[in-house]
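# Coordinate analysis (summary)
This is what each chain is made of:
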Amino acid sequence: MKINRYEIYTKRAVLVSLFCNVVLVSIKLAALILVNSLAIAVDLGISFVGLTISVILFYSIKMAGRPADPLHNYGYGKIEHVCEILEGIVLIGIAIAMISQASLHLLHPRVISNPWIGLGTCIITSSINFGGAFYIFKMANKSKSPAIHAEAIHYRMEGYISGMIGMSFIIAILLNKNGLIHISPYVDPGSALLVSFYVIVPSFKLAKSSFFNLLDASVEEDSQIEILKKLSHHITKYCEFKDLKTRSAGIKKFVEFSLIVPHDISLEKAYKISNALENDIKKGIPNCSVTIKMIPCDGDCEYVKPETGPCPYK
Amino acid sequence: MKMSEKFNGDELILKIEGVFDESTAFTIRDKMNDLLEKNIQTLYLDLDHIGYISSIGIGVLITAHKNAVKKNKRVLISSISEKANEMLKAVGILPLFAGKDK
């Protein structure tokens, strides 16, 4: 089976994500045992989801790259959107669970054991997250994979979350040093609450956009513009275009439209026109499948009258 | 979105204000189709007050151009905002609508 370079980029991203998530979960698990912090528990939960999603993503990307078969005529690209939805829904679930937990802890605050270890953990994990996000974003841009892009957003979000939790440890340490020990137990659940709210909005957006992609949403604006560029580049070769439809399935994009050509040109000429247009669109939009239906003009134009002059598209 | 028209012999100027995207493109398309049915030779588009033009808006302009050619008429842009100009230039359709200043 031929593997294209876009699949190589997605596989690289998934492997980096998988490796980083294993490291993150191990570090956060150790820190949770030592620090007894609710905020770190939230962070660990999010990383655990990340790890699970990375494993699913690993198999999904493999599946998405499978060629179309008699049972799945358009391939398996949509599995990537299923992955995105899954990621969004699970993150929302964790955030809601943690909001209720943090609210309980605000009513019954607990002192965290080793804030310095917590702070050190947050610095290390947020560095891993931002480094991972940088690389995964790079691969997402190269592969144009929505699932990898979602993974990069997740990584960056985790980086901010760890950063926010790190700040809460700094605040707790400062409060302890200044004799405000009675306030510091509220910082941890407060931070967990903030982080949970912070997670909900992008997770909801992620799940929503993936859901619409599953419902055959059109390709993104850049690709739409690219199609119009190619149509305008060949504008003198055809009478009209109509019924332009696009959809995406993972990294794959599907474009179809009808091309109206003069009714009395040869089939060979008409084929050359549509073939040139198809190849041009494919060059501009990677992993794109183009279907052009050629329709002969119905003669309902001014050029059927001899006084108008010859048809400009012949 | 606001549209207003001004006749000048066999020419007509259609002034469009606002955004030219999926929320307005089909109203503008229908309007242009109606105007091209009238006894005019050239339809000038005043896009000076267009804030944003999306791919759907560009698609409507290309269709209008094709529709005009079919009727042996012309659709030209008399004036255009900087933002819309950049967009049409990027797609490469600006020369299709280039004519004398109006």
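Here we summarise the structure given alongside this text.

Rules of the game
- Residues numbered from 1 in each chain as written.
- Chains lettered and ligands numbered in written order.
- Predicted model: local features only at pLDDT ≥ 70, side-chain atom pairs only at ≥ 80, totals over all residues.
- Heavy atoms only, no water.
- Pairing = 2+ DSSP bridges.
- Helix = DSSP H or I, 4+ residues; strand = E, 2+ residues; numbered from the N terminus.
- Right-handed = clockwise from strand over helix to strand, strands pointing away.
- 1 Å grid on protein atoms, 1.4 Å probe; cavity = no way out; pocket = protein on both sides within 12 Å on 5 of 7 lines; lining within 4 Å.
- Points joined across faces, edges and corners; volume = space filled by probe spheres on them.
- Nonpolar A, V, L, I, M, F, W, Y, C, P; charged D, E, K, R; others polar.
- Axes fitted to C-alpha atoms, helices over the stretch in contact; angles between N-to-C directions.
- Parallel < 35°, antiparallel > 145°, perpendicular 65-115°, else oblique.
- Contact = heavy atoms within 4.5 Å.
- Buried area = accessible area lost by both parts, 1.4 Å probe.
- Salt bridge = Lys/Arg side-chain N within 4 Å of Asp/Glu carboxyl O.
- Polar contact = N/O pair within 3.5 Å; in protein donor to acceptor, adjacent residues only side chain to side chain.
- Expected span 1.5 Å × (residues − 1).

Residue and element names in this part refer to chain B. Pairing of strand β3 (residues 42-53) with strand β4 (residues 74-80) involves six bridges; the strand directions are parallel. Each residue of the ladder has a partner; that of Asp46, found in β4, is Ser79. One crossover worth recording links β3 to the parallel β4 by way of helix α2 (residues 55-70), and it is right-handed.

Residues and elements named next belong to chain A. Evaluation of the coordinates by the stated rule reveals two cavities of 30 Å³ or more. In this structure, the largest cavity occupies an estimated 60 Å³ of space. Around the largest cavity sit Arg110, Val111, Ile112, Ala172, Asn176, Ser184, Pro185 and Asp188, which together line it. Taken together, the elements giving at least two residues each to the lining of the largest cavity come down to α5 (146-177) and α6 (184-214). Looking at the lining of the largest cavity, the element that brings in the most residues is α6, giving three residues. Of the residues assigned to the lining of the largest cavity, the class counts are four nonpolar, two polar and two charged.

Turning our attention to the sheet that holds strand β1 (residues 240-249) of chain A. All names here are of chain A. Taken in spatial order, the three strands line up as β1-β2-β3 in an open sheet, and their pairing is mixed. Each edge of the open sheet is held by one strand with a lone partner, namely β1 and β3 (288-296). Between one strand axis and the next, the sheet turns through 10° on average, direction left out of account. Two strands pair when backbone bridges link them, and β1 and strand β2 (residues 252-261) are joined in this way by eight bridges, in the antiparallel orientation. Bridge pairing in β2 places Arg247 opposite Phe254.

Moving on to the packing of helix α1 (residues 25-37) of chain B against α2(B). Residue and element names in this part refer to chain B. The N-to-C vectors of α1 and α2 enclose an angle of 10°; their axes lie 10 Å apart at closest approach. On the basis of their axis angle, the class for α1 and α2 is roughly parallel. Each of Ala25, Phe26, Arg29, Met32, Asn33 and Leu36 in α1 lies in contact with α2, whose residues at this interface are Ile56, Gly57, Val60, Leu61, Ala64, Asn67 and Ala68. For the contact of α1 with α2, the class distribution of residues is nine nonpolar, three polar and one charged.

To continue, consider the interface of chain B and chain A. Across the contact, 19 residues belong to chain B and 18 residues belong to chain A. Among the residues of chain B in contact with chain A, Ser55(B), Lys66(B) and Lys70(B) are the three that bury the most area, contributing 42% of the side total. Applying the counting criterion to the chain B and chain A interface returns one salt bridge. Linking Glu240(A) and Lys70(B) is a salt bridge whose minimum nitrogen-to-oxygen distance equals 3.4 Å. Across the chain B-chain A interface, the total number found is eight residue pairs in polar contact (both at pLDDT 80 or more). Going through the elements one at a time, α2 and α3 (82-91) of chain B are the ones with two or more residues in the side of chain B that touches chain A. For the side of chain B that touches chain A, the leading source of residues is α2(B), giving nine residues. Of the residues that constitute the side of chain B that touches chain A, the class distribution is nine nonpolar, seven polar and three charged.

Now for α5(A). Along its 32 residues, α5(A) runs 47 Å from first to last C-alpha, staying within 8% of the 46 Å computed at 1.5 Å per residue. One or two residues past the end of α5(A) sits Gly179(A), with phi positive at roughly 75°.

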